[in-house]
Amino acid sequence: MLLIGDRLPYVTALITATTGDAQPAVDAAVKTANRELADFERIRKFKILDREFSIESGELTPTMKLRRARVLENHRDLISEMY
């Protein structure tokens, strides 16, 4: 999962899921997490990606650290839909 919200009006998220029907589980998890957060920290919108972040796409380093800038670049269209 990657949270997005720096210098933006609200927090959104890109979420990777390994199961095909992850929407209900992700909805429940986001609602549960949001109950513990202040209003400005809450995830307002999210998108479930159809694949995991990967080294091949440049989104992960060889040590499995997320390359935030590359993820934002690769999923620019999905992120624009959330704002």
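In this text, all values refer to a predicted model and were calculated from it rather than measured experimentally.

How each quantity is defined
Residues numbered from 1 in each chain as written. Predicted model: local features only at pLDDT ≥ 70, side-chain atom pairs only at ≥ 80, totals over all residues. Heavy atoms only, no water. Helix = DSSP H or I, 4+ residues; strand = E, 2+ residues; numbered from the N terminus. Polar contact = N/O pair within 3.5 Å; in protein donor to acceptor, adjacent residues only side chain to side chain. Buried < 20%, exposed > 50% of the residue type's maximum accessible area, 1.4 Å probe, protein only. Pairing = 2+ DSSP bridges. Expected span 1.5 Å × (residues − 1). Arc of directions from axis to C-beta. Contact = heavy atoms within 4.5 Å.

A. Representation of the side chain of His75 in the model. Tracing the chain through its elements places His75 in the loop between α2 (68-74) and α3 (76-82). A distance of 3.0 Å separates the side chain of His75 from the side chain of Glu59, its partner in a polar contact.

B. Highlighting the pairing of strand β2 (residues 11-16). In terms of residue burial, β2 counts as a mostly covered element, since 6 of its 6 residues are buried. With burial as the criterion, each face of β2 is covered, one bearing Val11, Ala13 and Ile15 and the other bearing Thr12, Leu14 and Thr16. One ladder, built from 3 bridges, connects strand β1 (residues 2-4) with β2; its direction is antiparallel. Residue Leu2 lies in a different strand from β2, and its bridge partner there is Leu14. Hairpin connection from β1 to β2: 6 residues lie between these consecutive antiparallel strands, with Arg7 at a positive phi of about 60°. Of the pairings in the sheet, the one linking β2 to strand β3 (residues 43-49) comprises 6 bridges and is parallel in character. Along β3, the bridge assignment pairs Ala13 with Phe46.

C. Geometry of helix α1 (residues 23-35). With 13 residues, α1 should reach 18 Å at 1.5 Å per residue; the first-to-last C-alpha distance of 18 Å fits that figure. For α1, every residue scored as buried is listed here: Val26, Val30 and Asn34. Across the axial projection of α1, the buried residues extend over an arc of 65°, all falling on one side. Turned more than 90 degrees away from the buried face of α1, the exposed residues are Ala25, Lys31 and Arg35. Contact partners of the buried residues in α1: β2 and β3.

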